[in-house]
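Here are the chains, one letter per residue:
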Amino acid sequence: MTVLNNSQSHRKPPGQQWVAPEKWPIIGEREPRHSSEPWLLTLTVPSDSSDKELKLSLDQLNALPLSSITIDIHCVTRWSRKDMTFQGVRLSDLLSLTTVPATIKFISFVARSTRNHSTSMVLDDALKLETLIATHVDGEPIPSDHGGPIRNVVPDRYFYKSVKWLERIELLTEDHLGFWEAESGYHNQADPWLEQRYMAPTIDKRTAAALIASKDFSNKDLRSIDCSNRELTGLNAEGSLLRDGNFRKAKLCNSNFSNANLSNAHFESADLSNAKLVGADLEGASLVGANLSGADLTGCSLIGATFIEAGTPGAFFDSSTVIPRGLLTPLTPDQFVYVSSKIS
Ligand SMILES: Nc1nc2c(c(=O)[nH]1)N[C@H]1C(S)=C(S)[C@@H](COP(=O)(O)O)O[C@H]1N2
Ligand SMILES: [Mo]
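Each value, and the rule that gives it
- Residues numbered from 1 in each chain as written.
- Chains lettered and ligands numbered in written order.
- Predicted model: local features only at pLDDT ≥ 70, side-chain atom pairs only at ≥ 80, totals over all residues.
- Heavy atoms only, no water.
- Pairing = 2+ DSSP bridges.
- Helix = DSSP H or I, 4+ residues; strand = E, 2+ residues; numbered from the N terminus.
- Axes fitted to C-alpha atoms, helices over the stretch in contact; angles between N-to-C directions.
- Buried < 20%, exposed > 50% of the residue type's maximum accessible area, 1.4 Å probe, protein only.
- Arc of directions from axis to C-beta.
- Polar contact = N/O pair within 3.5 Å; in protein donor to acceptor, adjacent residues only side chain to side chain.
- Near = heavy atom within 4 Å.
- Areas by Shrake-Rupley, 256 points an atom, 1.4 Å probe, with all protein chains shown as cover.
- Nonpolar A, V, L, I, M, F, W, Y, C, P; charged D, E, K, R; others polar.
- Salt bridge = Lys/Arg side-chain N within 4 Å of Asp/Glu carboxyl O.
- Contact = heavy atoms within 4.5 Å.
- Phe/Tyr/Trp six-rings, centres within 6.5 Å; stacked < 30°, edge-to-face > 60°.

(A) Main features of the sheet that holds strand S7 (residues 106-111). In spatial order, the strands read S4-S3-S12-S7-S8; together these 5 strands make up an open sheet with mixed pairing. Of all the strands in the sheet, the pair left with one neighbour each is strand S4 (52-57) and strand S8 (118-122). Recorded for the sheet is a direction-independent mean angle of 15 degrees between the axes of neighbouring strands. Here S7 pairs with S8 via 5 bridges, running antiparallel. Within the sheet, the bridge partner assigned to Phe106 lies in S8 and is Val122.

What follows is the structure, encoded as structure tokens:
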């Protein structure tokens, strides 16, 4: 067993918080696609004539030289988990089974899942980062909800670069964006040390200004929209896609964000009094210093959400804030302590 070294272990990338050691959240898909076929890992290598395919059973994969690496994992929704030891086959050892043509520049990892979930990388980056085709974590087979029997693990990239239920590895001459990268605007490099969470926003300033004036965002895809400092009392944002949206210091009293996707959105010092956030996705969102008097957070998802940060006033709650206790379990320890003390 080769033990690989990760020099970044134990450092916390900007904007991340450590989860409690016993907690490993499940993010995204929760199970592989059902199939009676045995698990084969297929490696496809394009060539001028016809594509080459190499198929490995789990036993054949495990017969290759094994490596392990101890890393911290960093989810784009702002939680990190310390000290996870993954074991498997280094991507470089797997690729040494074939000849990689010089025209190959990218690599795509594809899941056996209902949406053929995938992610891609520059091949050189994947190799330099010691990407592992992992079968074990902390000495045990990877649990199915965390991607077993095989997931790839890319150290020092947001965890969406590590595909669960890995079934196919494609070598590519041109890049092919993965699911989250294409669907949700996640950054294609995903370096947590550079906070590469999202690609540049797609809405231009003029469109944004017209939308802000209309106060109607309902059911629209407005990823990364900038509404900081805006007067948006009574905003209708029901069901809208507002990942990475910037609502810092915005006036949002009586707004409706029911079932909106607010993952990684910024609400620092926003006025959310009497806002409806029922069923909203607030994973990785920051509510530091936000006024939540009378706000309704029933059914929200709060993995990685922030309410307090050292040196700043935390979110404001009062007896009219609706936030069922059960929602607080996925919070990181500091956040849990703060919010519990405010709502008791
Ligand atoms: N097949 C598949 N792989 C996936 C995802 C997914 O939805 N489907 N989500 C990604 C994201 S965003 C993260 S943070 C990690 C989560 O892995 P975990 O559920 O084991 O914590 O898996 C990544 N790989
Ligand atoms: Mo993620």
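(B) The arrangement of helix H5 (residues 205-214) in detail. Taken residue by residue, H5 has Ala208, Leu211 and Ile212 as its buried positions. Each buried residue of H5 lies within a common arc of 100 degrees when the element is viewed along its axis, so the set occupies one face. Those residues of H5 that are exposed and aimed more than 90 degrees away from the buried face are Arg206, Ala210 and Ala213. Capping the start of H5, Asp204 holds a side-chain oxygen 3.2 Å from the backbone nitrogen of Arg206, two or three residues further along. Downstream of H5 by one or two residues, Lys215 has phi in the positive range, about 55 degrees.

(C) Representation of the site of ligand 1 within the structure. Near ligand 1 you find 19 residues, and of these Pro25, Glu29, His146, Arg151 and Lys164 are the closest. Contacts to ligand 1 include Pro25, whose backbone N or O atom sits 2.8 Å from an oxygen atom. Starting from 530 Å² of accessible surface for ligand 1 in isolation, the protein chains cover 100%. Of the residues contributing to the shell around ligand 1, the split by class is 11 nonpolar, 4 polar and 4 charged.

(D) Representation of the environment of Trp39. Looking at the element boundaries, Trp39 is found in the loop between strand S2 (17-18) and strand S3 (40-45). In this structure, the C-alpha to C-alpha distance between Trp39 and Arg81, residues 42 residues apart in sequence, is 28 Å.

(E) Representation of the pattern of salt bridges within the structure. Applying the stated criterion across every chain, the model contains 12 salt bridges. Among the ionic pairs, Arg112 bridges to Glu167, the shortest N-O distance being 2.6 Å. With Arg112 in the loop between S7 and S8 and Glu167 in strand S12 (residues 166-172), the pair connects residues that are 55 residues apart, well separated along the chain. Note on Arg112: relative accessible area 5%, which makes it buried. Residue classification places Glu167 among the buried residues on the basis of a relative accessible area of 17%. One salt-bridge network, in which partners are shared between bridges, spans Arg33, Arg112 and Glu167.

(F) Layout of helix H6 (residues 333-343). Among the residues making up H6, those that are buried are Gln335, Tyr338, Val339 and Ser340. On its buried face, H6 sits against S2.

(G) View of the pairing of strand S9 (residues 132-137). Judged by how many residues are buried, S9 sits mostly within the fold: 5 of 6 residues are covered. Bridge count for S9 against strand S11 (residues 151-153) is 3 bridges, and the pairing is antiparallel. Looking at the pairing, Ala134 lines up with Arg151 of S11. Summarising the sheet, S9 and strand S10 (residues 140-141) pair through 2 bridges and their orientation is antiparallel. Across the sheet, His136 pairs through a bridge with Pro141, a residue of S10. Counting the residues between successive antiparallel strands, the hairpin from S9 to S10 contains 2 residues, one of them, Asp138, with a positive phi of roughly 45 degrees.

(H) Just the pairing of S12, in detail. Burial runs high along S12: 6 of the 7 residues are buried. Looking at chain direction, S3 and S12 are connected through 3 bridges and run parallel. Residue pairing for S12: Leu43 is matched across the bridge by Ile169. Sheet analysis places S7 next to S12, joined by 6 bridges and oriented antiparallel. Note that in S12 the partner of Ile107 across the bridge is Leu171.

(I) Region of interest: the packing of aromatic side chains. Enumeration over the complete set of coordinates arrives at 11 aromatic pairs. Ring plane angle 85 degrees and centroid distance 5.6 Å describe the contact between Phe247 and Phe257, whose orientation is recorded as edge-to-face. On the criterion of sequence distance, the pair formed by Phe247 in the loop between H5 and H6 and Phe257 in the loop between H5 and H6 is long-range, its members being 10 residues apart. For Phe247, a relative accessible area of 0% gives the class buried. Overall, the relative accessible area of 0% leaves Phe257 in the buried class. Ring geometry for Phe247 against Phe267: centres 5.0 Å apart, planes inclined by 10 degrees, an arrangement best described as stacked. One end of the pair, Phe247, is in the loop between H5 and H6; the other, Phe267, is in the loop between H5 and H6, and 20 residues separate them in sequence.

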